[in-house]
Amino acid sequence: MPVHVLLFEAGTDNEGIHSLELNGRTVVLLFEERDDAERYAGLLEAQDFPVPSVEAIEREEMELFCGQAGYEARFVPSGFLPSSPEERLLIAPPERNMDLTHWKDEPSRSAAPQDIGEESSPESAELEAFRRRLEGLL
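What comes next concerns the included structure. (Residues numbered from 1 in each chain as written. Predicted model: local features only at pLDDT ≥ 70, side-chain atom pairs only at ≥ 80, totals over all residues. Heavy atoms only, no water.)

## Some remarks on the overall build of the chain
Here is step 1: Regarding its fold elements, the chain presents five helices and six strands.
Here is step 2: Shown N-terminal to C-terminal, the secondary structure of the chain runs as helices and strands in the order β-β-β-β-α-β-α-β-α-α-α.
Here is step 3: Classification of the 138 residues of the chain by burial places 28% in the buried group.
Here is step 4: When contacts within the chain are restricted to residue pairs at least 6 apart in sequence, those whose partners lie at least 24 apart make up 69%. (Helix = DSSP H or I, 4+ residues; strand = E, 2+ residues; numbered from the N terminus. Buried < 20%, exposed > 50% of the residue type's maximum accessible area, 1.4 Å probe, protein only. Contact = heavy atoms within 4.5 Å.)

## Digging into helix H1 (residues 34–46)
Here is step 1: With 13 residues, H1 ought to run about 18 Å at 1.5 Å a step, and its terminal C-alpha atoms sit 18 Å apart, in line with that.
Here is step 2: Listed as buried for H1 are Ala 37, Tyr 40, Ala 41, Leu 43 and Leu 44. Projection of H1 onto a plane perpendicular to its axis shows the buried side chains occupying an angular sector of 160°, all on one side. Turned more than 90 degrees away from the buried face of H1, the exposed residues are Asp 35 and Ala 46.
Here is step 3: Looking at the buried residues of H1, the elements they touch are strand S1 (2–8), strand S3 (20–22), strand S4 (25–31) and strand S5 (53–58).
Here is step 4: Residue Asp 48 follows H1 closely and has a positive phi angle near 65°. (Expected span 1.5 Å × (residues − 1). Arc of directions from axis to C-beta.)

## Digging into unusual backbone geometry
Here is step 1: Residue Glu 9 is not a glycine yet carries a positive backbone phi of 50°.
Here is step 2: Tracing the chain through its elements places Glu 9 in the loop between S1 and strand S2 (16–17).
Here is step 3: If you check the backbone angles, Asn 23 has positive phi at about 50° while not being a glycine.
Here is step 4: With respect to the secondary-structure elements, Asn 23 resides in the loop between S3 and S4.

## As for the pattern of salt bridges
A side chain with one charge can pair with a side chain of the opposite charge if their charged atoms come near.
Here is step 1: In the structure shown here, the tally under the stated rule is six salt bridges.
Here is step 2: As a salt-bridge pair, Glu 86 and Arg 25 come within 3.4 Å of each other at their nearest N and O atoms. You can see Glu 86 sitting in helix H3 (residues 85–88) and its partner Arg 25 sitting in strand S4, a full 61 residues away along the chain.
Here is step 3: Here the salt bridges share partners, and the residues they tie into one network are Arg 25, Glu 72, Arg 74 and Glu 86. (Salt bridge = Lys/Arg side-chain N within 4 Å of Asp/Glu carboxyl O.)

As C-alpha cells, this is what we get:
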C-alpha cells in the first residue's frame, strides 16, 4: 500500500524528508491520503518553510527506511482526528519549526538541527500572535 511523504528537493543530491521531533524522537509522517499530505505541505509553506513535494512510496519501504535511519514512522490514516496535543502535530505543523539550513550544508549530519531563536521585537511578537489566531481558524 502506498503512503504519501513530504520530500524536499526530491530526486537531487540534497533530497530530504520532512520529520518532526516529538519527545526526543524523530518522526516521519506517512499519510494515507495524498490530499492530507498536500494540505500539510501547504501549512508548512504558509510558515515560510521550503515547499516540499508529495511523493507516493510503498509503506513497507518507508517503514524499513525509518527503522534503519532510527526514525519513527507514524501512519496518518484518512479522516484522522487527534486526541492529544502531540497527535495534533500529525495534521498540522508545530508553530515553531526547526532551522534546516544545515540540512543542505551537511547532508551526512545525524543530529537534529538547532531550534530557531525566538524573535524579540514587539512587532514580531504581535505578528506571531496574529499568525496563531489565523491558524486557529483552520
